[in-house]
Amino acid sequence: MTSAPVPAYPVSVSARLDVPLSRWLWLVKWILAIPHYIVLFFLWIAFLVVSVIAFFAILFTERYPRPLFDFSVGVLRWSWRVSYYAYGALGTDRYPPFSLGPEPDYPARLDIAYPERLSRGLVLVKWWLLAIPHYLVICFFTGAPRGGYWGGGLIGILVLIAVVALAFTEKYPRDLFDLVIGLNRWVLRVAAYACLMTDAYPPFRLDMGGDEPPARGPAPV
């Protein structure tokens, strides 16, 4: 009997630190990313509409319609790539693709396991009541609502420190990178839970590093 690893959490967030990184490109990345910000503005409007539709679909059918789910994952995936390129991490100088797809060659990746069934009861409370403790935590991480979803709070401070180190040493401190990715991973897990894409409650755990934590045990196949 063979076995397959059990995912640590259905939301998979990974990142690879590109080396070398430009000392000064970060100064203009906010300009370079403007086309993405414009597209993402409209994608997030569509994302909110899709989430409302998904809410009622789950309430009546216990399912998140697969085409809508794939779109929602794509928006989170696109947002994570842009954040990773820009001021959510500054972990790569590779320009993000204009794509909702997985783009496995890009150094920032996100995937969410499709749930075959979702709880009708949880859909009523998880996005506001159950997620409140996590909202308090990630507000500290991101600076929201003052700093936006990414680019403020603790993450913004750490990325600023990374910028200073990069400017003087041409290196992104590895421990700092691992911490920044861990904080972003926490934010994205909560985002997926609050947006009704999983019933698995996000762990109160900082899983640092570019790779997802290892599986906790085998599952029979």
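Here is a short report on the structure shown in this document. (Residues numbered from 1 in each chain as written. Predicted model: local features only at pLDDT ≥ 70, side-chain atom pairs only at ≥ 80, totals over all residues. Heavy atoms only, no water.)

**Re the packing of aromatic side chains**
Enumeration according to the criterion identifies 16 aromatic pairs in this entry. Note on Tyr-201 and Phe-204: the rings are 6.2 Å apart at their centroids and 45 degrees apart in plane angle, and the pair reads as tilted. Classification of Tyr-201 by relative accessible area gives partly exposed; the value is 35%. Following the ring pairs from residue to residue traces out a cluster consisting of Phe-140, Phe-141, Trp-186, Tyr-193, Tyr-201 and Phe-204. Just above the ring of Tyr-85 sits the side chain of Lys-29; from NZ or CZ to the centre is 4.5 Å. (Phe/Tyr/Trp six-rings, centres within 6.5 Å; stacked < 30°, edge-to-face > 60°. Buried < 20%, exposed > 50% of the residue type's maximum accessible area, 1.4 Å probe, protein only. Lys NZ or Arg CZ within 6 Å of the ring centre and 35° of its normal.)

**Here we look at the pattern of salt bridges**
The final tally for this structure, using the stated rule, is 13 salt bridges. Between Lys-29 and Asp-93 there is a salt bridge whose closest N-O contact spans 3.0 Å. With Lys-29 in helix H1 (residues 29–32) and Asp-93 in the loop between helix H3 (66–85) and strand S3 (108–112), this residue pair connects regions lying 64 residues apart in the sequence. The exposure class assigned to Lys-29 is buried, which follows from its relative accessible area of 1%. As a salt-bridge pair, Glu-212 and Arg-189 come within 3.6 Å of each other at their nearest N and O atoms. Here the residue Glu-212 occupies a position in the loop between helix H7 (174–194) and strand S4 (218–220), and Arg-189 occupies one in helix H7, the gap between them amounting to 23 residues. One network of salt bridges, with partners in common, ties together Arg-185, Arg-189, Arg-205, Asp-207 and Glu-212. (Salt bridge = Lys/Arg side-chain N within 4 Å of Asp/Glu carboxyl O. Helix = DSSP H or I, 4+ residues; strand = E, 2+ residues; numbered from the N terminus.)

**Structural notes on the environment of Ala-33**
With respect to the helices and strands, Ala-33 occurs in the loop between H1 and helix H2 (34–61). Relative accessible area serves as the criterion here: at 0%, Ala-33 is assigned to the buried category.

**Topic: empty space enclosed by the protein**
Enumeration over the complete set of coordinates arrives at 1 cavity of 30 Å³ or more. Taken as a whole, the largest cavity encloses approximately 40 Å³ of empty space. Among the residues forming the lining of the largest cavity, the class breakdown is 4 nonpolar, 1 polar and 2 charged. (1 Å grid on protein atoms, 1.4 Å probe; cavity = no way out; pocket = protein on both sides within 12 Å on 5 of 7 lines; lining within 4 Å. Points joined across faces, edges and corners; volume = space filled by probe spheres on them. Nonpolar A, V, L, I, M, F, W, Y, C, P; charged D, E, K, R; others polar.)

**A few points about the packing of helix H4 (residues 122–130) against helix H5 (residues 132–142)**
Two elements in contact, H4 and H5, have axes whose closest approach is 6 Å; the angle formed by their N-to-C orientations is 35 degrees. Where H4 approaches H5, its residues Trp-127, Trp-128, Leu-129 and Leu-130 are matched on the opposing element by Ile-132, Pro-133 and Tyr-135. A per-class count over the contact of H4 with H5 returns 7 nonpolar, no polar and no charged. (Axes fitted to C-alpha atoms, helices over the stretch in contact; angles between N-to-C directions. Contact = heavy atoms within 4.5 Å.)

**Some words on the pairing of S3**
Residues Ala-108, Leu-110 and Ile-112 line the buried face of S3, whereas the alternating positions Arg-109 and Asp-111 sit on a face that is not buried. Of the pairings in the sheet, the one linking strand S2 (residues 11–15) to S3 comprises 5 bridges and is antiparallel in character. Directly across from Ser-14, in S3, lies its bridge partner Arg-109. (Pairing = 2+ DSSP bridges.)

**Points about the nonpolar core**
If you look at the biggest cluster of nonpolar residues, it comprises 58 residues, and the most contacted ones within it are Tyr-64, Trp-80, Tyr-84, Leu-110, Ile-112 and Met-197. Of all the secondary-structure elements, those providing two or more residues to this core are S2, H2, H3, S3, H5, helix H6 (153–169) and H7. A per-element tally of this core places H7 first, with 12 residues. Setting aside residues up to four positions removed in sequence, Tyr-64 forms contacts with Val-50, Ser-51, Ala-54, Ile-58, Phe-69, Ser-72, Tyr-114, Leu-118, Cys-195, Leu-196 and Met-197. (Core = buried A, V, L, I, M, F, W, Y, C linked by side-chain atoms within 4.5 Å.)

Interpretation in functional terms is not warranted from these geometric data alone.
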